[in-house]
Amino acid sequence: MSSHLLPKLFSWIIVRRCVDDWRRIALLLLSVALGVSVFLAIVFAASASIRSFQLTAELFAAPMEIRARSGALNPEDVRHWLPLLSPHLELEVFAERSAHTPSGERFSIVALDLLAHAEAEGVSLLAPDTEASGLPVLWVADLFFERERNNSDFCPIVESRTHCLQLRELPAELSLGRQLGSRVAILDLATLQAWEGEGFSFSGISLKSEQEEQATLAVAEVSDGKWLVSTDLSRRDRAQNLLGAFQLNISIMVLMSLAVCAFTVYNGFQLGVRALLPQLGVLHTLGLPKSSLMALVICEALALGLLGSVLGLSLGYPLSEFISELFLSTARSLYQVRDSTQELGLSSVPMLYFFSLLVGVSIAIVGSVGPALSTRKVVAHIGTRSTVVAAPLPTFGLLGASLVLALLTAGALILAHLLREALFGHVAAFFLICIPVALAAPTLQAVAALSRRLSGTHITPALLAGLSGVLGSARACGVAIATSACGLSLLIGLGVMIASFRHSLEEWVNYSVAADVFISSKHSGQPLQASFYDALLASQALWQVTRFSTQEATVCDTKTLRCLTVPIFGTDIPLDPAALPYRVLSGQLDVANFSAGRSALVSESLAHRLGVSPGSVITLKTSTENPSGSTQVTISGVYKEFSSERGNVLLAFEAFSNLFGARVPTNVSLLLNDELQYQDAEPQLYTLPGVERTHIRDQAALRAEIFETFDRTFAITGALRIIVLIVCALGFAVTLGQLHWDRRRDWRTLQVMGATQSTLVLAVLVEALALLFPSIVLGVPIGLLLASLLVHVINPLSFGWTLFFFVPWQALWVPIAALFVACLPPLLWHMAHLQRAARSARLSDD
Amino acid sequence: MNSLPVLELREVSRAFLSGSTTVQALNAASLLLKAGELVSLCGPSGSGKSTLLNIAGLTDRPDSGQVILDSISVDFSNSAAVTRLRRSQIGFVFQYFNLLSHLSARENISMTLLLNGSSWAEASARAESLLHDVGLSHRAEHRPHMLSGGEMQRVAIARALAHRPKLILADEPTGNLDSASGDTVLDLLCSAAGQGAAVLMATHSERAAGRCHRTLHVNDGTLSSR
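Residues numbered from 1 in each chain as written. Chains lettered and ligands numbered in written order. Predicted model: local features only at pLDDT ≥ 70, side-chain atom pairs only at ≥ 80, totals over all residues. Heavy atoms only, no water.

Enquirer: What is the right way to read the overall build of chain A from this model?
Expert: Scanning chain A from terminus to terminus reveals 24 helices and 21 strands. In chain A, which comprises 846 residues, the proportion classed as buried is 54%. Of the contacts made within chain A by residues no fewer than 6 positions apart, 81% connect residues no fewer than 24 positions apart. Summed over all atoms, the accessible surface of chain A reaches about 36400 Å², with 61% contributed by carbon and sulfur. (Helix = DSSP H or I, 4+ residues; strand = E, 2+ residues; numbered from the N terminus. Buried < 20%, exposed > 50% of the residue type's maximum accessible area, 1.4 Å probe, protein only. Contact = heavy atoms within 4.5 Å. Areas by Shrake-Rupley, 256 points an atom, 1.4 Å probe, with all protein chains shown as cover.)

Below you can see the structure in the form of structure tokens.
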């Protein structure tokens, strides 16, 4: 056949096939479109939300600030020292106050010298109506108006006093060097000073981050160590950790979705080529070489890839909007600020369309290579008949591959253990997840053979037809099983890990949040009002006070000289060790040395990050009140703690107080006397002087706050789990649909032979169960192993946390039930098709 | 011949809508088929043979007329009863064999029996016996794609005979076979008729029609015997 006729012949065959076999082609198009739309949606949503997370992380990476080592900046100190620092540094004093709206919603007020800003930038801040109202203006970003109306009178409670203000949107051209969210408002410094009079104090002095080194030296020299240059590391670290975890999750999602789609397309082409074999045989008999047969299949894949991609792009657009919104709403909930990605629409990333098109064509071609190669089996045959000869499954090869994967998993785990590197834990998890891919078809064969054996002489037509159907398409079914088993194991793994985490947190909260009332300063990290604290101590007949203070400091391992900046906690420890609200995991609390400040406890996270253990000596870089500026303590024990993955050091309160010069704690907890209830104690607490600057919560409120934070943090994982389920379910549904279409002639023959609708429906159910059962047989143990790996290897290596391995039934049955539910649409379609076929059953072939 | 009637069609008509045109596929066709009879059904393509076979096989319902199978007047409105009747009383042989592709030869034959409520052991034993009768004992575990056309048709006949139906409907059973395989298939159908089944065979082959007791002709939907 002359080569110039081939394109014409190919086009003719492909077009006619699309018309005649439109259902199969539709399924193939759907597979490609599914792949493209999921790719487009997830990649776009991922890039948009990662960008959003980055912007939000920048928000959280607070600018460099000069803060007092303890408490607020004394106005006298500011007056004296600021002129000394100003010639060298670009500085701006500010004051932060907490406030809440009349409806009780909390927000922060930052007081700045706005007039100086406006003057420097040539922006007019005053508006005629402002002057007319006579009320001070509270400047807010447009985000704030999600809560309140613009230009309205607004009377928030600021530090327990109500002030009426006029809300105005901050001019966009005024650059304050700080981002405003929906919970931050700006006030002119002069207004705040007027309100507070004698009691006014500055919270800090902001400076440019590039001046950090210069500032640190100058501030230490000028302030004699009373001030320090710092950033809010905990917030920045938290944001960065979340971003890292989010990016990892997204990458897994994209890869998994693409794999599912490639598998589905492979299945479609495999079944399609099988149906086409007789015609290919005719073409080969007529003289078309085998290479052209392969080319025909690849050309068809190319055409379907292009068509499917175009369809996928149109499907992907709304899907990307949906997933993007899902991610971003979680991000908003996490950070409580509106995202900055509104302008990052899908049209802003035209290259993504091109890549999606490329992905669609690629998955179609990759999926068709195996089926194209199978055309080599076509033989020239006069009077060609169906020569559907499926190559036997390489069962031993697949079992060997799964053994290799298991060995690789074990190897990666050994490396993770030896090198104490979480990366190898992730590699082990990857290999583990791949095991179902190799084991799917052999498991299907084993399960089907076992079912046949167990049914013995009681085999029914439905069982025979259903089981033989899946066994006859073991390759295609294996792919569906591998997909759903991977998805199931991922869902179970993540579900059990989160449940284990929550369970561990509950256990920790149970003993560490045991007091009745928890009181902290409204300014995070600031000491309580001295008058309030003294009044609390004076009422010790009503409650027992446990003091707690926190201070950021640098901790170094004296052996390795490795240093980290972490929170140092100082607290009272009970005389009865059984009542200790800290669970010592290794080492032993030596009360005498602990109380004397010679020993400390460190949290698991810090022990992990710094590589220290009981008996190690650490250096705490403290205030200049300690002549050397640092002190050395021995670690007497490592305790369990989940408040921060950065880790912390726990000292006796007296020792902490001596080291950091802080008499008044930042927090206290009250254990109420037996006859006193919180409801009775609360009014008394609110009569104490200085209570307006404190934040009082009962045990239940604090616990609820801890769990709310946890649940918010893991909400993103919930969204990802839903997407994993959707992708797996769609892959599963398309495979079931393709299997059904491939066997339509068998179903019709059975109907003519007298199989009832119920028999056929049962056969379909057997087929679906034969696919689901191996998925569960593989997915559940692999999921539990994955959870175990996450809990026992990756979490300790990444965060230094020891978690309880806790498997709630819900983490198992919900994903399994979801997989069953995912089977329903193709099953119902299948049954509806059988019903239609029953009405048109014919003896003749077509 | 003094055998009992197995299938009777009385004034059966069937029309199809083809686009906007109504095609009268079968026009008041009547037929009586007795046990042990081997009857061929001849006629050009599109004459109505397949329609007649579909109605006789209870896979299609006539627009008018009556179908009586084994002395039972078929009520086409009761689809469950129709399916039951078809399953128990009729065996089918298709031109393209229509073996279930994922089942072995033995399982294909057993399926008919299982559908009729036999146990696996009974079905398996009967399948073995039938495979022996059609000379394919050595192919019992082979799947359809491993069999030749003649072998597949022999398995299909064994499947049609498995539940000892009173009526066997064969649609061009030799149409896809070489003459030697065709002869074997015709021998098996004759043998089935010899054992008391009524066999109605649609065919274009004069050679096949020549082996039958009588021949019916369908032309433009009208059935006649010559």
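Enquirer: Quick question: what am I supposed to make of the overall build of chain B here?
Expert: When its secondary structure is counted, chain B shows seven helices and ten strands. A compact globule built from 226 residues should have a C-alpha radius of gyration of about 17 Å, and chain B, at 17 Å, falls within 12% of that. Summarising its shape, the C-alpha atoms of chain B cover approximately 50 × 45 × 40 Å along the three principal directions. Here chain B holds 226 residues, and the buried ones make up 58% of them. Counting contacts in chain B only where the partners sit at least 6 residues apart, residues at least 24 apart contribute 70% of the total. In the form shown here, chain B has an accessible surface area of approximately 9100 Å², with 47% of it arising from carbon and sulfur atoms. Treating the 20 positive side-chain charges of chain B as one cloud and the 20 negative ones as another, the clouds have centres 3 Å apart. (Rg over C-alpha atoms; globule rule 2.2 N^0.38 Å. Lys, Arg positive; Asp, Glu negative; His and termini not counted. Charge placed at Lys NZ, Arg CZ, Asp CG, Glu CD.)

Enquirer: Would you mind showing me how to read the environment of A:Val791 here?
Expert: Residues and elements named next belong to chain A. Among the secondary structure elements, Val791 is positioned in helix H23 (residues 757-799). Taking the relative accessible area as the measure of exposure, Val791 reaches 1% and is therefore buried. Taking the C-alpha atoms as reference points, Val791 and Arg693, 98 residues apart in sequence, are found 40 Å from one another. Sequence-distant contacts of Val791, defined by excluding residues within four places in its chain, comprise Met497, Ser500, Pro796, Leu803, Phe804 and Phe805.

Enquirer: In this structure, what is going on with the state of the cysteines? I would like to understand it.
Expert: Here is the idea: a disulfide is a covalent bond, and it sits between the sulfur atoms of two cysteines. On inspection of all chains with the given rule, the structure shows two disulfides over all chains. Here A:Cys556 engages in a disulfide with A:Cys563; their sulfurs sit 1.9 Å apart. Residues A:Cys556 and A:Cys563 are joined through a disulfide that is right-handed, its torsion about the S-S bond being 105°. Numbered by order of appearance in the sequence, the disulfide-linked cysteines of chain A pair as 1-2, 3-4. Here A:Cys486 is not disulfide-linked; the sulfur of A:Cys434 is the nearest cysteine sulfur, at 6.8 Å. When its relative accessible area of 11% is taken as the criterion, A:Cys486 is described as buried. B:Cys212 supplies the cysteine sulfur nearest to B:Cys190, a cysteine that is in no disulfide, at a spacing of 6.8 Å. (Disulfide = S-S within 2.5 Å.)

Enquirer: Can you help me understand a nonpolar patch on the surface in this one?
Expert: Residues A:Met351, A:Phe354, A:Phe355 and A:Leu358 make up a contiguous nonpolar surface patch of about 400 Å² in total accessible area. On the secondary structure map, A:Met351 appears in helix H10 (residues 350-373). (Patch = residues over 30% accessible without salt bridge, like charges linked within 9 Å, V, L, I, M, F, W, Y side chains within 5 Å. Salt bridge = Lys/Arg side-chain N within 4 Å of Asp/Glu carboxyl O.)

Enquirer: Mind showing me how you'd approach the sheet that holds strand E5 (residues 72-73) of chain B here?
Expert: Each strand in a sheet pairs with its neighbour through backbone hydrogen bonds, running either in the same direction (parallel) or in the opposite one (antiparallel). All names here are of chain B. On the basis of which strands lie adjacent, the open sheet formed by four strands has the order E2-E1-E4-E5 and antiparallel pairing. This sheet does not close on itself; its edge strands, each paired only once, are strand E2 (21-34) and E5. Pairing of strand E1 (residues 5-18) with strand E4 (residues 64-69) involves five bridges; the strand directions are antiparallel. Counted as the bridge partner of Leu7 is Leu69 from E4. (Pairing = 2+ DSSP bridges.)

Enquirer: Please clarify how the nonpolar core should be interpreted in this entry.
Expert: If you look at soluble globular proteins, the nonpolar side chains tend to sit buried side by side. Core analysis: the largest hydrophobic core is formed by 129 residues, its most contacted members being A:Leu750, A:Leu771, B:Ile109, B:Met111, B:Val155, B:Ile168 and B:Leu189. Of the residues forming this core, the biggest block, 21 residues, is contributed by helix H14 (residues 474-512) of chain A. If sequence neighbours within four positions are ignored, B:Ile168 has contacts with B:Gly91, B:Val93, B:Leu161, B:Leu189, B:Ala192, B:Ala197, B:Ala198, B:Val199 and B:Leu200. (Core = buried A, V, L, I, M, F, W, Y, C linked by side-chain atoms within 4.5 Å.)

Enquirer: What is the right way to read the confidence of the model for chain B from this model?
Expert: Per-residue confidence for chain B gives a mean pLDDT of 87; residues scoring 70 or more make up 99%. Listed scores for the predicted complex are pTM 0.70 and ipTM 0.79. (pLDDT = per-residue confidence, 0-100.)

Enquirer: Would you take a moment to explain the environment of A:Cys486 for this structure?
Expert: Mapping A:Cys486 onto the fold places it in helix H14. A:Cys486 sits 116 residues away from A:Gly370 along the chain, and the two C-alpha atoms are 22 Å apart.

Enquirer: Where do I start with the pattern of salt bridges in this structure?
Expert: Pairs can form between side chains of opposite charge whenever their charged atoms are close. All names here are of chain A. In this structure the tally under the stated criterion is 17 salt bridges over all chains. A salt bridge links Arg547 to Asp572; the nearest nitrogen and oxygen atoms lie 2.9 Å apart. With Arg547 in strand E13 (residues 543-557) and Asp572 in the loop between strand E14 (563-571) and strand E15 (584-587), this pair connects stretches of sequence that are 25 residues apart. A residue is classified by how much of its surface remains accessible, and Arg547, at 17% relative accessible area, is buried. Arg697 is the partner of Glu705 in a salt bridge, and the nearest nitrogen-oxygen pair spans 2.7 Å. Since its relative accessible area comes to 36%, Glu705 is described here as partly exposed. Each of Arg547, Asp572 and Glu654 takes part in a single network of salt bridges with overlapping partners.

Enquirer: Would you mind showing me how to read the interface of chain B and chain A here?
Expert: Accessible area lost upon the coming together of the parts serves often as the stated size of an interface. Contact residues are listed per partner, giving 36 residues for chain B and 32 residues for chain A. Overall, the association of chain B and chain A removes approximately 2900 Å² of surface from exposure, summing both partners, and the carbon and sulfur fraction of that is 62%. By the criterion of area lost to chain A, the three top residues of chain B are B:His102, B:Leu115 and B:Trp120, representing 21% of everything that side buries. Inspection of the chain B/chain A interface yields zero salt bridges. Counting across the chain B and chain A interface gives three residue pairs in polar contact (both at pLDDT 80 or more). Of all the elements, helix H3 (residues 105-115) of chain B adds the most residues to the side of chain B that touches chain A, at five residues. Classifying every residue of the side of chain B that touches chain A gives 16 nonpolar, twelve polar and eight charged. (Buried area = accessible area lost by both parts, 1.4 Å probe. Polar contact = N/O pair within 3.5 Å; in protein donor to acceptor, adjacent residues only side chain to side chain. Nonpolar A, V, L, I, M, F, W, Y, C, P; charged D, E, K, R; others polar.)

Enquirer: Explain the packing of aromatic side chains here, please?
Expert: How two aromatic rings sit relative to each other is given by the distance of their centres and the angle of their planes. Residues and elements named next belong to chain A. One pass over the full model with this rule turns up eleven aromatic pairs over all chains. Their ring planes at 55° and their centres at 5.9 Å tell us that Phe430 and Phe431 sit as a pair that is tilted. Their ring planes at 85° and their centres at 5.3 Å tell us that Tyr582 and Tyr639 sit as a pair that is edge-to-face. With Tyr582 in the loop between E14 and E15 and Tyr639 in strand E18 (residues 630-639), this pair connects stretches of sequence that are 57 residues apart. A relative accessible area of 0% places Tyr639 in the buried class. These aromatic residues form a ring-pair network of at least three members: Phe501, Trp508, Phe642 and Trp801. (Phe/Tyr/Trp six-rings, centres within 6.5 Å; stacked < 30°, edge-to-face > 60°.)

Enquirer: Would you take a moment to explain the confidence of the model for chain A for this structure?
Expert: Detailed reading of the predicted model is not advised wherever pLDDT is low. Residues and elements named next belong to chain A. Per-residue pLDDT for chain A averages 77, and the proportion of residues at 70 or more is 76%. Ignoring residues within four places in sequence, the model shows residues 337-343, a span with pLDDT below 50, making 19 contacts including any to other chains. Contacts from residues 382-389, a stretch scored under 50 in pLDDT, to residues over four places away or in other chains number 17 contacts.

Enquirer: Please explain the pairing of strand E9 (residues 184-188) of chain A as it appears in this structure.
Expert: Looking down a regular strand, the side chains alternate between one sheet face and the other. All names here are of chain A. Taking burial as the measure, the five residues of E9 include four buried ones, the bulk of the element. Alignment of strand E4 (residues 137-140) against E9, held across three bridges, turns out to be antiparallel. By the bridge assignment for E9, Val140 is matched with Ala185.

Enquirer: Sorry if this is basic, but what is going on with the side chain of B:Gln153 here?
Expert: Residue and element names in this part refer to chain B. Tracing the backbone through its elements, the reader meets Gln153 in helix H5 (residues 149-161). Since its relative accessible area comes to 0%, Gln153 is described here as buried. In contact with Gln153, not counting residues within four places along its chain, are Val93, Phe94, Gln95, Phe97, Pro173, Leu177 and Val185.

Enquirer: Even after reading the chapter, I still don't get the sheet that holds strand E10 (residues 222-225) of chain B, so can you show me in this structure?
Expert: All names here are of chain B. The sheet built from six strands is open, its strands ordered E6-E7-E8-E3-E9-E10 with mixed pairing. Single-partner strands in this sheet number two, and they are strand E6 (90-93) and E10. Looking at each pair of strands side by side, their axes are set apart by 20° on average, direction ignored. Sitting on the sheet, helix H1 (residues 49-56) is in contact with strand E3 (38-42), E6, strand E7 (167-171), strand E8 (198-202), strand E9 (214-219) and E10, with an inclination near 155° to E7. Each of E6 and E7 touches H5; the most contacted strand, E6, lies at about 170° to it. (Axes fitted to C-alpha atoms, helices over the stretch in contact; angles between N-to-C directions.)

Enquirer: Would you mind showing me how to read the environment of A:Met497 here?
Expert: Residues and elements named next belong to chain A. Mapped onto the fold, Met497 is located in helix H14. Accessibility expressed as a relative area gives 11% for Met497, which makes it buried. Considered as a pair, Met497 and His792 are 295 residues apart in the sequence and their alpha carbons are 9.7 Å apart. Among residues more than four places away in sequence, those in contact with Met497 are Phe714, Ala787, Leu790, Val791 and Asn795.

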